[in-house]
Structure formats: structure tokens, C-alpha cells
Amino acid sequence: MAYPGSFKYTKDHEWIDLDGDGGRVGITDYAQQQLGDVVYVDLPEVGAKLKQGQSFGTIESVKAVSELYSPVSGEVAEVNTALKDKPETINKEPHATWMVVLKLTNPGEVDALLDATQYQALIK
Amino acid sequence: MEQVTEAPLKKTPLNARHRASGAKMVPFGGWDMPVEYSGLSIEHAAVRTRAGLFDVSHMGEIEIAGKDALAAVQRISSNDASKLAVGQAQYSGLLTPAGTFIDDLLVYRLAASHFLLVVNAGNIPKDYAWIAEQIKPAGDAVAVDASSRYALLAIQGPEAQNILQPLTGVELGTIKYYWFAHGEVANVRATISRTGYTGEDGFEIFVPPQSADRVWLALLESGQAVDVIPCGLGARDTLRLEAGMRLHGNDIDETTTAVEADLNWIVGWKKDDFVGAAALREQKASGAKRKIVGFEMLERGIARHGYDAYVGDVKAGVVTSGTQTPFLKKAIGMAYLPIEHTAAGSEFDVDVRGRRTRARVVPMPFYKRAK
């Protein structure tokens, strides 16, 4: 699966698709492959304030429970509530399935994230 | 993740094969084992619908032989080995004097006075030390840790017999469930046992370690037409849980008795004294205060090993195994609950990482194959 060049990535296998001072956050294809079948996603409430690297929820697969880490500092502006009933879309379309929309509070943090080339080198 | 320096992991004779085949490897009970080949759900479904091949060579083999071997086995094994004919096997417990599980095991009667005990990988030294000590009063019997002499492969699933039969002269149709026969598989001397840990029909095949790879490849080739696939420990765990089989270290251990684990059927109630007998008889007579149950989650979420179970606001028990079953497509598990809450249909809550999640007691096994 292609890793969109317009996304930024973390070493913890989240992506963020930036748009102005906001960004949609999800997990990468590599992450969903490692997790296997996702059965539950626990996401924060709208308005939650997150620091970069802070856990914003958990994702549970048949195999294990993993934390989700915020790629940047920000406030949760939207939550993808559809994932509650259809968590398997994360396996099917990891790069089209966002979990939260963040309103960035420290946009400078983006510079330290990985681009698609760097991320793909990381997971090789 | 932190790296902890430990003793080097042990390797089965098929380790190089697993690595060359791209299996995902994990440490398990001191062994470097494949947890996944093509994917847990895919492997699970293969075993339920066609067949899967497992390397379970990490399992331990302890032999007990000598004139008084039967008496020795009777002393350390909870089940009644006198009921075994030569060529027959039984599930049993290796118990403490308190009736709790040092391990669970299969007891094979190789000859009138020669038994083979198959034990869990992580428990081999502990089991062997215990057995060697406990059988001393039995008389003329000696225990040998023969684990390094055996590789063990499991071919499991409805197609297992069709895959194995072309490779052996042994008439597999004559081997009943929990019986075994000696013969050759792919021209390798083997003991073929109609047993498994998946809830499906299938065979476990004991072969010399140096021939394990040859037999592994022969089984994969013979099963090509029905798309047999190699499987890892991940699928083995979800399969055994669906089948309601206990896992030592999770569902049974040195804190849980055979009665509490609802395994009265592996206790030889009528046989003479054995380790744990007095405690179990007393508990059976007075009634256990808690018992293991199977449960289904009524709300989304997976109850996992170690999660607390609540009845109302009271912490009442603990989950010992839990998963989302790839085949039944629901979250199931096992838990110990107070005896008054163990009837099928009783509801309780599991603390799933801070969230109270409803569960209901259901009969085990969760999955039973069509005969």
C-alpha cells in the first residue's frame, strides 16, 4: 500500500494529514498489519487537549491492545465515531481512515515528523 | 520496548524453516517460536475449514519406565492411567498436594510399563524435578527427560487425515480419538497420535528431531491440493480457547485446583492415593467456592488474561483467557467466578481498562466441530 507523500508520520506509526492549522490523524498500513484484525478503538472526547507524544486512545486487535500517540500537540476538534461500530475499516483503508482531527497548538512540531520516504525507510 | 537480557532462547529443529518462511517469531516459554505465518485469522480459519500445520516441538516429553511404572504414573498424574490400554492416551493433571496444577499433560501408554508424558514447554525442568522426586516411593520406575529426542508436529483440521494418509502405511482410519500408533511418515519413524489442541480432528506426530524438516515439508506438499498452511502459536491459542481447552499459566496454575477448573473428569476419583487426592476429595465433598466459566462479551471489547470480574460493585473474580474469536466472530473468554454466579446465563462485568463491560456465562466449549 502506498504511503501518501502529503502525510507526515511518527516513529510510533501514526500519520497526520495536515490542512491549515488542523490535521486528521490515523495509523499506518504497517501498523494495522502488525496489529491484525482491529476490534475496538477507544478515542478521546472532542475538546481534549493533547501534548505531542501523549496517548489519545487505545486500539485493540485480536492479538493485543496498543496505545495511540498524538503526532503533535493540539485540541481534538472531531472524533470519527463511525469507528465504534466499524473498526475494521482501519484494516481495510488505513490511510483513508482518520480517528481524530486535531487543531494544532504548536505547528512547529510538524517539522520533526517523518516524511513518507523517511517513514518507509524506518519500517523496512 | 526495553530489552531484557535473558538466557538465549531455545530453538526447535524447525527454527530455520520458520525463519526462512517469513514467520513472525516471538519468545514463548523460553523458546523462539513462530506466533504467526500468514495471519492469525487466516490460520485459524484454515484449521477450522481445511487444515493447518503446527510445530509444537517445544513441548516436553518425559518418559517413565520400569516394572512399577504404572504405580509411579498413578501417583503423580491425577487421571486414572490404569484405564489406558497400550496405544491409548489421556489428558491429565500434574498436581500439588493442594490439588492445584504444576502442569497439565497428556499421558501415553507406550507399553504396559512404559509411559510418555507430554508437558508444557516452559515447565519441563520443574515437572521433571517434581516427577523424579515423587515417584521414588513407587518402587522400580525411573523418569527420563526425553524432550530432546522428539520433534512434534501437529496437523489439524478436517482435511488432516487426507493429508497425512498418503505419507504413511498406518491405516489412520483405525486410530480412534486419543489413541496412537507407531509407523513411518515420509519414510521417517514416527508415532502418530489422534490428538490436538484445536477442537478439530487431527494428528500429532512425534519424529526424531533430525527428520522434522523432512516431515514438515512432506505434509505441506501433501496438503497443497487442499491449501494446508503453516500456523503459529497465535492461532493455536484462539483455536484452543474456542474449543474450551485450558491453558496452563493462564487458566490453570498452582493457585487453582482441578475441581475449580471444572476438570473433575481428569481426576481418578476411584483410584488409590495420588498427589492432591485428599485435597480434591475434600473440596469435592464440601463444594468449591469458585469455578471456571466460559463467557461471551455482550458489549464491544475483549476481556483479557488478568482483567478483574465484577458482580455489581464487588470485585468477584478474574479473567484467565480472552480473545475475539476469528471464527465465531465474538469476544469470548474464561474466568473464575464465585460458585453462585457460575450458572449459564449469569451476567457480570469485566473491567476492560477502566470500562465496565457486560459479559454473560455460557457453556463451554464455545465451538464444537460437526461429527
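Everything numeric in this text was worked out from a predicted model, so none of it was measured.

Novice: Could you clarify how one ought to interpret the overall build of chain A in this entry?
Specialist: Regarding its fold elements, chain A presents 3 helices and 9 strands. Sequence-ordered secondary structure for chain A, helices as α and strands as β, is β-β-β-α-β-β-β-β-β-α-β-α. Taken against the 2.2 N^0.38 rule, which gives 14 Å for 124 residues, the C-alpha radius of gyration of chain A at 13 Å falls within 12% of a compact globule. Relative to its full complement of 124 residues, chain A shows a buried share of 39%. The long-range fraction of contacts in chain A, counting pairs at least 24 apart against all pairs at least 6 apart in sequence, stands at 64%.

Novice: I tried to follow the packing of helix H2 (residues 40-49) of chain B against helix H7 (residues 233-242) of chain B on my own but got confused; where do I start?
Specialist: To describe two helices that pack against each other, one gives the angle between their axes and the distance between the axes. Residue and element names in this part refer to chain B. It is the contact of H2 with H7, at a shortest axis distance of 8 Å, that shows an interaxial angle of 55 degrees. Classed by the angle they form, the pair H2 and H7 counts as oblique. Regarding H2 and H7, the two cross each other, and that crossing is right-handed. Here H2 contributes Leu-40, Glu-43, His-44 and Val-47 to the contact with H7, which in turn contributes Gly-234, Ala-235, Thr-238 and Leu-239.

Novice: Can you walk me through the sheet that holds strand E4 (residues 38-42) of chain A in this structure?
Specialist: Backbone-to-backbone hydrogen bonds join strands into a sheet, with any given pair of strands oriented parallel or antiparallel. Residue and element names in this part refer to chain A. With antiparallel pairing, the 3 strands of this open sheet are ordered in space as E4-E6-E7. Bordering the open sheet on either side are E4 and strand E7 (65-69), each of which pairs with just one other strand. Between one strand axis and the next, the sheet turns through 25 degrees on average, direction left out of account.

Novice: Got a minute to help me understand the interface of chain A and chain B in this structure?
Specialist: For interface size, the figure often reported is the accessible area lost on association. Of the residues lining the interface, 8 residues belong to chain A; the matching set on chain B comes to 11 residues. Those elements giving two or more residues to the side of chain A that touches chain B turn out to be E4 and strand E6 (55-61) of chain A. Each residue belonging to the side of chain A that touches chain B can be placed in one class, and the counts come to 3 nonpolar, 2 polar and 3 charged.

Novice: In this structure, what is going on with the domain arrangement of chain B? I would like to understand it.
Specialist: Residue and element names in this part refer to chain B. For chain B, the assigned domains are domain 1 (15-54 + 150-242), domain 2 (60-147) and domain 3 (289-362). Computed from C-alpha atoms alone, the centre-to-centre distance between domain 1 and domain 2 is 24 Å. Tallying the contact residues gives 10 residues for domain 1 and 12 residues for domain 2.

Novice: Explanation requested: unusual backbone geometry in the structure shown.
Specialist: Both trends apply: most residues other than glycine have a negative phi, and most peptide bonds are in trans. All names here are of chain B. Here the amide bond leading from Met-364 into Pro-365 is cis, since omega sits at 0 degrees, within 30 degrees of zero. Inspection of the secondary structure puts Pro-365 in the segment after strand E19 (355-362). Here the phi dihedral of Asn-187 falls at roughly 65 degrees; this positive angle occurs in a residue that is not glycine. The class of Asn-187 is exposed, set by 12 C-beta atoms lying within 10 Å. Phi at Asp-262 is positive, roughly 55 degrees, even though this residue is not glycine. Among the structural elements, Asp-262 can be located in the loop between H7 and helix H8 (277-286). Judged by the 19 C-beta atoms lying within 10 Å of it, Asp-262 is partly exposed.

Novice: How should I be thinking about the sheet that holds strand E11 (residues 188-193) of chain B in this particular structure?
Specialist: Residue and element names in this part refer to chain B. Strand order in the open sheet formed by 6 strands is E10-E11-E12-E9-E3-E13, and the pairing between neighbours is mixed. The two strands at the open ends of the sheet, each matched to only one other strand, are strand E10 (180-185) and strand E13 (229-231). Pairs of neighbouring strands in the sheet enclose a mean axial angle of 30 degrees, with direction left out of account. The sheet contacts of helix H6 (residues 212-222) involve strand E3 (52-55), strand E9 (151-156), E10, E11, strand E12 (202-207) and E13, and relative to E9 the element is tilted by about 10 degrees.

Novice: Even after reading the chapter, I still don't get the environment of Gly-139 of chain B, so can you show me in this structure?
Specialist: Residues and elements named next belong to chain B. Along the polypeptide, Gly-139 turns up in the loop between helix H4 (124-134) and strand E8 (142-145). Given 12 C-beta atoms within 10 Å, Gly-139 falls into the exposed group. A sequence separation of 70 residues divides Gly-139 from Ala-69, and the C-alpha atoms of the two residues are 8.3 Å apart. Contact partners of Gly-139, with chain neighbours within four places excluded, come to Asp-68 and Ala-71.

Rules and cut-offs
Residues numbered from 1 in each chain as written. Chains lettered and ligands numbered in written order. Predicted model: local features only at pLDDT ≥ 70, side-chain atom pairs only at ≥ 80, totals over all residues. Helix = DSSP H or I, 4+ residues; strand = E, 2+ residues; numbered from the N terminus. Rg over C-alpha atoms; globule rule 2.2 N^0.38 Å. Buried ≥ 20, exposed ≤ 12 C-beta atoms within 10 Å, placed from the backbone. Contact = placed C-beta atoms within 7 Å. Axes fitted to C-alpha atoms, helices over the stretch in contact; angles between N-to-C directions. Parallel < 35°, antiparallel > 145°, perpendicular 65-115°, else oblique. Left-handed = near helix turned anticlockwise from the far one by under 90°. Pairing = 2+ DSSP bridges. Nonpolar A, V, L, I, M, F, W, Y, C, P; charged D, E, K, R; others polar. Domains from an automatic or database assignment.

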